[in-house]
Every structure is written in structure tokens, then in C-alpha cells.
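In case you want the letters, here they are:
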Amino acid sequence: MPVTLIVCLRAQGCVVFAADSLTSVNGRVENCETIKVHKLSDRGVAAGCGWAGRKLRKWQAVFEEFAPPVGADGTPASSGALIGALRTSLDSLVGLPARNEIGACRGGNTFLAATVDPASGDLSIDRIARRNDDREFDQPVPESPAGQSHYIEFIGDTDSLQAHIAGVKAGYAAGMPEAAAVAYATDAIKNAIPIAQNAGVQSIGGDFVRVLVLSSSGVSEAHHSSGAPCS
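A few points on the structure.

Rules and cut-offs
- Residues numbered from 1 in each chain as written.
- Predicted model: local features only at pLDDT ≥ 70, side-chain atom pairs only at ≥ 80, totals over all residues.
- Heavy atoms only, no water.
- Disulfide = S-S within 2.5 Å.
- Helix = DSSP H or I, 4+ residues; strand = E, 2+ residues; numbered from the N terminus.
- Buried < 20%, exposed > 50% of the residue type's maximum accessible area, 1.4 Å probe, protein only.
- Expected span 1.5 Å × (residues − 1).
- Arc of directions from axis to C-beta.
- Core = buried A, V, L, I, M, F, W, Y, C linked by side-chain atoms within 4.5 Å.
- Contact = heavy atoms within 4.5 Å.
- Phe/Tyr/Trp six-rings, centres within 6.5 Å; stacked < 30°, edge-to-face > 60°.
- Pairing = 2+ DSSP bridges.
- Axes fitted to C-alpha atoms, helices over the stretch in contact; angles between N-to-C directions.

**Looking at the state of the cysteines**
- Under the criterion given, the structure shown has one disulfide.
- In this model, Cys-32 is linked to Cys-230 through a disulfide, with the two sulfur atoms separated by 1.9 Å. A torsion of -90 degrees about the S-S bond marks the disulfide between Cys-32 and Cys-230 as left-handed. Taken together, the positions of Cys-32 in the loop between strand 4 (28–31) and strand 5 (37–41) and Cys-230 in the segment after strand 14 (218–225) put the pair 198 residues apart, joining distant regions of the chain.
- With relative accessibility at 13%, the residue Cys-32 sits in the buried group.
- Of all cysteine sulfurs, the one in Cys-8 lies closest to Cys-14, which takes part in no disulfide; the gap is 10 Å.
- Owing to a relative accessible area of 1%, Cys-14 belongs among the buried residues under this scheme.
- Summary of cysteine pairing: Cys-105 is not part of a disulfide, and the nearest cysteine sulfur, belonging to Cys-49, is at 15 Å.
- Exposure remark for Cys-105: the relative accessible area of 0% places this residue in the buried category.

**Here we look at helix 4 (residues 178–190)**
- Taking 1.5 Å of rise per residue, 13 residues should cover 18 Å, and helix 4 covers 18 Å from first to last C-alpha, within 8% of that figure.
- Within the sequence span of helix 4, burial applies to Ala-181, Val-182, Ala-185, Thr-186, Ala-188 and Ile-189. The arc that holds every buried residue of helix 4, seen down its axis, measures 155 degrees, which confines them to one face.

**A word on the nonpolar core**
- Formed by 27 residues in total, the largest nonpolar core has its most connected members in Leu-9, Val-16 and Phe-154.
- Mapped onto this core, the elements with two or more residues apiece are strand 1 (5–11), strand 2 (14–19), strand 12 (152–156), helix 3 (162–171), helix 4, helix 5 (192–198) and strand 13 (208–215).
- Once you skip the residues sitting within four places of it in the chain, Val-16 turns out to touch Val-7, Cys-8, Leu-9, Ala-181, Val-182, Ala-185, Val-211, Leu-212 and Val-213.

**A word on the packing of aromatic side chains**
- Overall, the coordinates contain five aromatic pairs when judged by the stated rule.
- Here the aromatic rings of Trp-59 and Phe-137 are separated by 6.2 Å at their centres, their planes lie at 70 degrees, and the arrangement is edge-to-face. On the criterion of sequence distance, the pair formed by Trp-59 in helix 1 (residues 59–64) and Phe-137 in the loop between strand 10 (123–130) and strand 11 (141–144) is long-range, its members being 78 residues apart.
- Phe-137 gets classed as buried once you look at its relative accessible area, which sits at 1%.
- An aromatic cluster of at least three residues, connected via ring pairs, comprises Trp-51, Trp-59, Phe-63, Phe-111 and Phe-137.

**Notes on the pairing of strand 14**
- Of the pairings in the sheet, the one linking strand 13 to strand 14 comprises eight bridges and is antiparallel in character. What sits directly across from Leu-214, in strand 14, is Val-219.
- Where strand 13 hands over to strand 14, the hairpin turn is made up of two residues, counted between the paired strands.

**Considering the sheet that holds strand 2**
- With respect to topology, five strands assemble into an open sheet ordered 12-1-2-13-14, the strand pairing being antiparallel. The open sheet has two edge strands, strand 12 and strand 14, and neither has a second partner. Each neighbouring strand pair of the sheet contributes to a mean axis angle of 15 degrees, computed without reference to strand direction.
- As paired strands, strand 1 and strand 2 are joined by six bridges and run antiparallel to one another. The partner of Ala-11 across the bridge, within strand 2, is Cys-14.

Below, the structure written as C-alpha cells:
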């Protein structure tokens, strides 16, 4: 199962995601520029960890083909409809292996998805997960509902990074400006890489830290150098 590290946090009028960009299998580097944070639409962003998909079809393909729902008049659908459509898309990949193909998608997945409701402009964050070899995802669970200002969470390979994560969470300030939040999230991933590698976790890294910011004005994205060699 691939490993990764993703942080999601709330800031002033936005939600910020940051992730590493390394994919490795059995300790062998396969890709130093893996996309792990995905734009769903101008009103949604999602990031996930766990089982990466089948050889010829991975999560990247699912997100590239994702069609955000729209209302009858062509306007963006509600946050609930967007999250529902996302879950259906996620099910489309884990449902591919035959039921008797035991372990075909073993390891489970956890996704965090942030959305902006088109009617209210409210930002919310949901968690969508499946367990072990389940062939469908559980119902989405509200992780940080509209109106909440304080939220920071890490998903992925966190076992060797508990002290680092605790420090990042302790230093987090709800309501920080967007630029400060982007820098904070970027550093949270960037500084985790050498800690993980020194602990023998050689599969968190990559060439860059990918950052996506969701606000009522849309989605912005950037790549920041990880500062870590990747080969």
C-alpha cells in the first residue's frame, strides 16, 4: 500500500490542503511528482490516502474524469450533492475488483473533502472512508461543519510523526491569513520528510509539496520544493 502525508486546515475564509508527492512500492521510488490533492470543481477539493488503485486505473484517473453535479438550471449543486457525487466516483474504483478477488483493494482509504456551498458560501469538510478490503465507501461523515473556524488534521503515515504533528497542531492558529496558512501547511509537510526518513520511513517525500486552497472565490494551487532529494 502506498504511503503519504496530507494536512488539511482552516484559515481565514478558506481551507488549505498540502501533501507530499512521492509514490513508492516496496521501498522502490516509482514517482516523485504524484498528485495527491485534487480539485473537484471551483467549489471542492479532496485529498486521500491508502490503496492507490489498480495498475491501469488509479485515483488520478477517477479525479480527472470527475463531473461535478449541477442543478436543473445549470448552476452548481449543493455541497451535499457534490460530496455524494464524490463518494459515487470513489466507489467506481474500489468496485472494479471481483468480490472473490480477496485483498484486491486491501488497506482501506481515507479522504478529506472540502466544499463551498453555492447558496451560503459556507465552507465545510467531510471525511469519506472505507475499511480494509471493502468494495464501497461508508457514508460521508461531517468532519468540520460550516461555521467552525478551528480545524487541522493529518492523514496518511503518521505513526513516526506524532511529535511533529503535535507540535504543528499546537502552533496552529485558527483564522490565520491565507498566505500564512499556505506557508504553515507547506512547512508542516516539508519538515516532516526528514523526520520520517530518519525514522526509516523512506516513502514520504517527492520533489514538491502540492498545496490547494479552497475559498468562496474558487481554488488556487501551487507547488513548493520539498527540499528533499528524490530518485
